[in-house]
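Examination of the molecular architecture
Listed below, chain by chain, are the residues.
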Amino acid sequence: MREPRLGHIHFINCLPLTYAFDIGGYGQGFTIVRDMPARLNGMVVAGELDASPVSSIVYAQQPDELRILPDVSISAEGALQSILLVAKRPISALDGQAVALTAKSATSHRMLKIILAKAYHIAPRYFISPLTLAEGVLQQAEAVLFIGDDALEAFHHRHPDYWYYDLGDEWRKLTGQGMVYALWVVNADFAAKRPAALQQIHRTVTGGFAYGLAHLRLAARMMAGRTPFTAEQIYEYINLLNYGFTERHRQALLTYYGLAYDLGLIARIPELRFAEVIL
């Protein structure tokens, strides 16, 4: 029987699990596919992965085909540095203006649209762009949404003429809640037919995060050698995130889905259906 195919986000926000895979041996027994969230989203929906982290909006779009892996997410209670709107004018002045959206994710697109519609009562013109600041994205738009390492790069190298808005902070102001940015999901058919492999995935992901967080200083030093960020910047960033899924996360996720539904960004508010694992 083939190894389970497990997606893995190739961003710093998954550093604890990356460290567990690379140093702790947690990746043994899996075919691990490392890529950006948008690519993993498409692969798990297409059945090319058995389990993967995905932008949380993806579950709302495919709730019948997917099951949520319990106890794990990528979440934050407020500002988190890695979902950032960079603008040439104040956010309240973006009504009708061109706003570029990162090509690397999906949850953040809806999140920004909700914040601008509900908190600022404005409707920009959105388009998707793969360009960075250095590549001239703000020659085409009045603002740009970045996620992940691109956002961290912009956060730590601010241009004095631009405005910067951390969407985690904006979301907290709007809803009074944290935000669930990514879920781990399992193909529903795989979960039903391969329960032992499902248990293995759950143990690996939850245990891997625990291992990586227990060695976070070492992990940050390892990652600092591969990125433009210092070990302290990485350590500080990871401590803004949390990787669990509790009742508080469930309520925050349903708030996000409810607001997305109100704006017509998803067809329905899905029931949260979890894969059956032995806790």
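As recorded in an unreviewed UniProt entry, the chain goes by Chorismate dehydratase and comes from Sporolituus thermophilus DSM 23256. Under the UniProt heading Pathway (unreviewed entry), the note attached to the chain is "Quinol/quinone metabolism; menaquinone biosynthesis." Regarding the chain, the relevant UniProt record gives this comment under Catalytic activity (unreviewed entry): "chorismate = 3-[(1-carboxyvinyl)-oxy]benzoate + H2O".

Turning our attention to the overall build of the chain. Each helix and strand in the chain was counted, giving 11 helices and 11 strands. The C-alpha radius of gyration of the chain comes to 18 Å, within 12% of the 19 Å expected for a compact globule of 279 residues. For the chain, the spread of C-alpha atoms along the three principal axes comes to 55 × 45 × 30 Å. Looking at the 279 residues of the chain, the share that counts as buried comes to 53%. Within the chain, residue pairs in contact and separated by at least 24 positions form 81% of the contacts whose partners lie at least 6 positions apart.

A word on the environment of Arg 125. Within the secondary structure, Arg 125 is located in strand S7 (residues 125–129). Taking relative accessible area as the criterion, Arg 125 reaches 51% and is therefore assigned exposed. With 31 residues separating them in the primary sequence, Arg 125 and Leu 94 have C-alpha atoms 9.0 Å apart. Engagement of the side chain of Arg 125 in a polar contact is seen with the backbone oxygen of Gly 96, the distance being 3.0 Å.

When the domains of the chain are assigned, the result is domain 1 (5–76 + 179–263) and domain 2 (83–175). A C-alpha centroid distance of 23 Å is found between domain 1 and domain 2. At the junction of the two partners, domain 1 supplies 22 residues and domain 2 supplies 21 residues. Interface of domain 1 and domain 2: buried area, both sides summed, is about 1,900 Å²; carbon and sulfur atoms make up 73% of it. Joining domain 1 to domain 2, the criterion identifies 0 salt bridges. One can count 6 residue pairs in polar contact (both at pLDDT 80 or more) joining domain 1 with domain 2. For the side of domain 1 that touches domain 2, the secondary structure elements donating two or more residues are helix H2 (37–45), helix H3 (56–61), strand S10 (179–187), helix H10 (231–238) and helix H11 (247–262). Considering every element that reaches the side of domain 1 that touches domain 2, the biggest residue donor is H11, with 5 residues.

Here we come to the sheet that holds S7. Spatially, the 5 strands line up as an open sheet ordered S7-S6-S8-S5-S9, and their pairing is mixed. The open sheet terminates on both sides in strands that have one partner only, identified here as S7 and strand S9 (163–166). On average, each strand axis in the sheet is tilted by 25 degrees relative to the strand beside it, whichever way the strands run. Sitting on the sheet, helix H5 (residues 148–156) touches strand S5 (83–87), strand S8 (143–147) and S9, and the angle it makes with S8 is about 120 degrees.

Here we take up empty space enclosed by the protein. Counted under the stated rule, the structure contains 2 cavities of 30 Å³ or more. In this structure, the largest cavity spans a volume of roughly 180 Å³. Forming the walls of the largest cavity are 18 residues, and the residues nearest its centre are Asn 13, Ile 83, Ser 105, Ile 147 and Tyr 181. Listed by contribution, the elements that provide at least two residues to the lining of the largest cavity are strand S3 (51–55), helix H4 (107–118) and S10. Broken down by class, the residue content of the lining of the largest cavity amounts to 11 nonpolar, 7 polar and no charged. Both domain 1 (5–76 + 179–263) and domain 2 (83–175) contribute no fewer than three residues apiece to the lining of the largest cavity. Considering only enclosed or pocket space, the second largest cavity measures out at about 40 Å³ in volume. If you go around the second largest cavity, the residues you meet are Ser 75, Ala 76, Glu 77, Gly 178, Met 179, Val 180, Arg 248, His 249 and Ala 252.

With that out of the way, let us pick up the layout of surface pockets. The computed volume of the largest pocket comes to approximately 160 Å³. Of all the secondary structure elements, the ones that give two or more residues to the lining of the largest pocket are strand S1 (5–9) and helix H1 (15–22). Residues of the lining of the largest pocket, tallied by class, amount to 4 nonpolar, 4 polar and 4 charged.

Conventions we followed
- Residues numbered from 1 in each chain as written.
- Predicted model: local features only at pLDDT ≥ 70, side-chain atom pairs only at ≥ 80, totals over all residues.
- Heavy atoms only, no water.
- UniProt positions renumbered as here; feature names shortened; annotations may be inferred.
- Helix = DSSP H or I, 4+ residues; strand = E, 2+ residues; numbered from the N terminus.
- Rg over C-alpha atoms; globule rule 2.2 N^0.38 Å.
- Buried < 20%, exposed > 50% of the residue type's maximum accessible area, 1.4 Å probe, protein only.
- Contact = heavy atoms within 4.5 Å.
- Polar contact = N/O pair within 3.5 Å; in protein donor to acceptor, adjacent residues only side chain to side chain.
- Domains from an automatic or database assignment.
- Buried area = accessible area lost by both parts, 1.4 Å probe.
- Salt bridge = Lys/Arg side-chain N within 4 Å of Asp/Glu carboxyl O.
- Pairing = 2+ DSSP bridges.
- Axes fitted to C-alpha atoms, helices over the stretch in contact; angles between N-to-C directions.
- 1 Å grid on protein atoms, 1.4 Å probe; cavity = no way out; pocket = protein on both sides within 12 Å on 5 of 7 lines; lining within 4 Å.
- Points joined across faces, edges and corners; volume = space filled by probe spheres on them.
- Nonpolar A, V, L, I, M, F, W, Y, C, P; charged D, E, K, R; others polar.

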